[in-house]
Amino acid sequence: MSDSVQIVNPDDSQIEFVVQVQTDFLNSKHMCCLIPLGNCESVSEKTKQLNAVSKVSQTSVRSYAGLALDSSGRPLGYIQLKGHGMYCDMHKVKPGEVHVESLAVLPEARGKGVGRKLLQWGEDKAKADGCSLYSLAVLKGNPALRLYERFGFVKKEADCVEACMANMFVLCCFGRPYGCCDQHFGAYDMEKKIEPGAVEGVTMDRGGGA
Ligand SMILES: CC(C)(COP(=O)(O)OP(=O)(O)OC[C@H]1O[C@@H](n2cnc3c(N)ncnc32)[C@H](O)[C@@H]1OP(=O)(O)O)[C@@H](O)C(=O)NCCC(=O)NCCS
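Source: prediction; values computed, not measured.

The rules we used
- Residues numbered from 1 in each chain as written.
- Predicted model: local features only at pLDDT ≥ 70, side-chain atom pairs only at ≥ 80, totals over all residues.
- Heavy atoms only, no water.
- Near = heavy atom within 4 Å.
- Polar contact = N/O pair within 3.5 Å; in protein donor to acceptor, adjacent residues only side chain to side chain.
- Areas by Shrake-Rupley, 256 points an atom, 1.4 Å probe, with all protein chains shown as cover.
- Helix = DSSP H or I, 4+ residues; strand = E, 2+ residues; numbered from the N terminus.
- Core = buried A, V, L, I, M, F, W, Y, C linked by side-chain atoms within 4.5 Å.
- Buried < 20%, exposed > 50% of the residue type's maximum accessible area, 1.4 Å probe, protein only.
- Contact = heavy atoms within 4.5 Å.
- Phe/Tyr/Trp six-rings, centres within 6.5 Å; stacked < 30°, edge-to-face > 60°.
- Lys NZ or Arg CZ within 6 Å of the ring centre and 35° of its normal.
- Pairing = 2+ DSSP bridges.
- Expected span 1.5 Å × (residues − 1).
- Arc of directions from axis to C-beta.

### Topic: the site of the ligand
1) Next: The environment of the ligand is formed by 20 residues, the closest being Val105, Gly111, Gly113, Gly115 and Arg146.
2) Next: Here Gly111 contributes a backbone N or O atom positioned 2.7 Å from an oxygen atom of the ligand.
3) Next: Within the backbone of Leu147, a nitrogen or oxygen atom sits 3.4 Å from an oxygen atom of the ligand.
4) Next: A total of 850 Å² of accessible area belongs to the ligand in isolation, and the protein chains cover 77% of it.
5) Next: Of all the secondary-structure elements, those providing two or more residues to the shell around the ligand are strand S6 (97–105), helix H4 (114–128), strand S7 (133–139) and helix H5 (144–151).
6) Next: Here the shell around the ligand gets five residues from one element, more than from any other, and that element is H5.

And the structure:
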């Protein structure tokens, strides 16, 4: 299936899908100080507003977003990258680094190589932008970890203070995302070293937007 999948920067008509996938993913997990916010109407409205604002004001954000389309142009998933100097949820992006801020594929399209293709698109973009580090964070217990390891991402070592802070942070923001009895706590930061350089057919346009 992934052979027929094409990755493009989302246009105005596709922003709605990006907002929807992002909101669905957040709605299943999002909490604040252990209070579930998932079904809170104002949160999804807030998310929509924020995305709408970034749509009009930040060309750069759009050029760092990849939307996977099937052969009939139907959106299947998307990836949002962030580069140095761009606002990024929960991560400060260093010079020479491109960070995966979010990655999601529609439930019915999972397990068919779309996620991997989006990750590869992001890596190619990062190389074309002259970066040498590709990074992401993943909650412990998320099956996506296997995909990332197979793709070449390596878990960063965290000392016990960092690990403890991460556990508290994840607990407050996401509660127990994989169930109260799940054995996992916290999140992994993962990195992949890459060789910067031109990639055929790939350009990185920071757009000059705010
Ligand atoms: C993680 C995700 C983007 C992967 O996309 P995908 O198109 O299913 O990925 P691929 O088909 O390229 O690779 C499949 C691998 O992804 C992983 N995976 C994670 N969740 C999966 C799911 N629900 N179904 C199938 N595979 C999944 C597995 O490692 C799988 O490999 P395996 O079959 O050998 O175990 C997708 O499952 C998803 O949207 N999950 C929910 C959102 C999420 O957790 N995003 C990551 C935040 S860090």
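### Some details on the nonpolar core
Proteins that are soluble and globular tend to have nonpolar side chains buried together.
1) Next: Ile79, Leu81, Leu119, Tyr134, Leu136, Tyr148 and Phe153 are the most contacted members of the largest nonpolar core, which totals 37 residues.
2) Next: No other element matches the five residues that H4 contributes to this core.
3) Next: In this structure Leu119 touches Ile79, Val100, Leu103, Tyr134, Leu136, Leu147, Tyr148, Phe151 and Phe153, once residues within four positions along its chain are discounted.

### Brief notes about the packing of aromatic side chains
1) Next: Enumeration according to the criterion identifies three aromatic pairs in this entry.
2) Next: Judged by centre distance (6.1 Å) and plane angle (75 degrees), the rings of Tyr148 and Phe153 are edge-to-face. There is no split in this pair, since Tyr148 and Phe153 are both buried.
3) Next: Judged by centre distance (6.0 Å) and plane angle (25 degrees), the ring pair of Phe151 and Phe153 falls under stacked. Here the two residues Phe151 and Phe153 agree in accessibility, since each one is buried.
4) Next: Taken together through their ring pairs, the aromatic side chains of Tyr134, Tyr148, Phe151 and Phe153 make up a single cluster.
5) Next: Positioned above the aromatic ring of Tyr188, the side-chain terminus of Lys155 is 4.6 Å from the ring centre.

### Focus: the sheet that holds strand S1 (residues 6–8)
1) Next: Read from one edge to the other, the open sheet built from seven strands follows the order S1-S4-S5-S6-S7-S9-S8, with strand pairing classed as mixed. Each edge of the open sheet carries a strand with a single partner, namely S1 and strand S8 (154–155).
2) Next: Sheet topology note: the strand S4 (residues 65–69)/strand S5 (residues 75–83) ladder contains five bridges and is antiparallel. Looking at the pairing, Leu67 lines up with Tyr78 of S5.

### Describing the pairing of strand S9 (residues 187–193)
1) Next: Bridge count between S7 and S9: seven bridges; the pairing is antiparallel. Within S9, the position partnered with Leu139 by the bridge is Ala187.
2) Next: Of the strand pairs in this sheet, S8 and S9 are connected by two bridges, and their pairing is antiparallel. Counted as the bridge partner of Lys155 is Met190 from S9.

### Quick notes on helix H6 (residues 160–174)
1) Next: In a regular helix each residue adds 1.5 Å, so 15 residues correspond to 21 Å; H6 covers 20 Å between its end C-alpha atoms and thus fits that length.
2) Next: Turning to H6, its buried residues are Val170, Cys173 and Phe174. Down the axis of H6, the smallest arc covering the buried residues is 75 degrees, so these residues share one side. Exposed positions of H6 whose direction lies more than 90 degrees from the buried face are Cys160, Val161 and Met165.
3) Next: Looking at where H6 begins, the residue whose side-chain oxygen comes 3.1 Å from the main-chain nitrogen of Val161 is Asp159.
4) Next: Residue Gly175 follows H6 closely and has a positive phi angle near 65 degrees.

### Description of the environment of Val98
1) Next: Along the polypeptide, Val98 turns up in strand S6.
2) Next: Counting along the chain gives 15 residues from Val98 to Gly83, while the straight-line C-alpha distance between them is 4.8 Å.
3) Next: Apart from residues no more than four positions distant in its own chain, Val98 is found in contact with Tyr64, Leu81, Lys82, Ala126, Cys131, Leu133, Tyr134 and Ser135.

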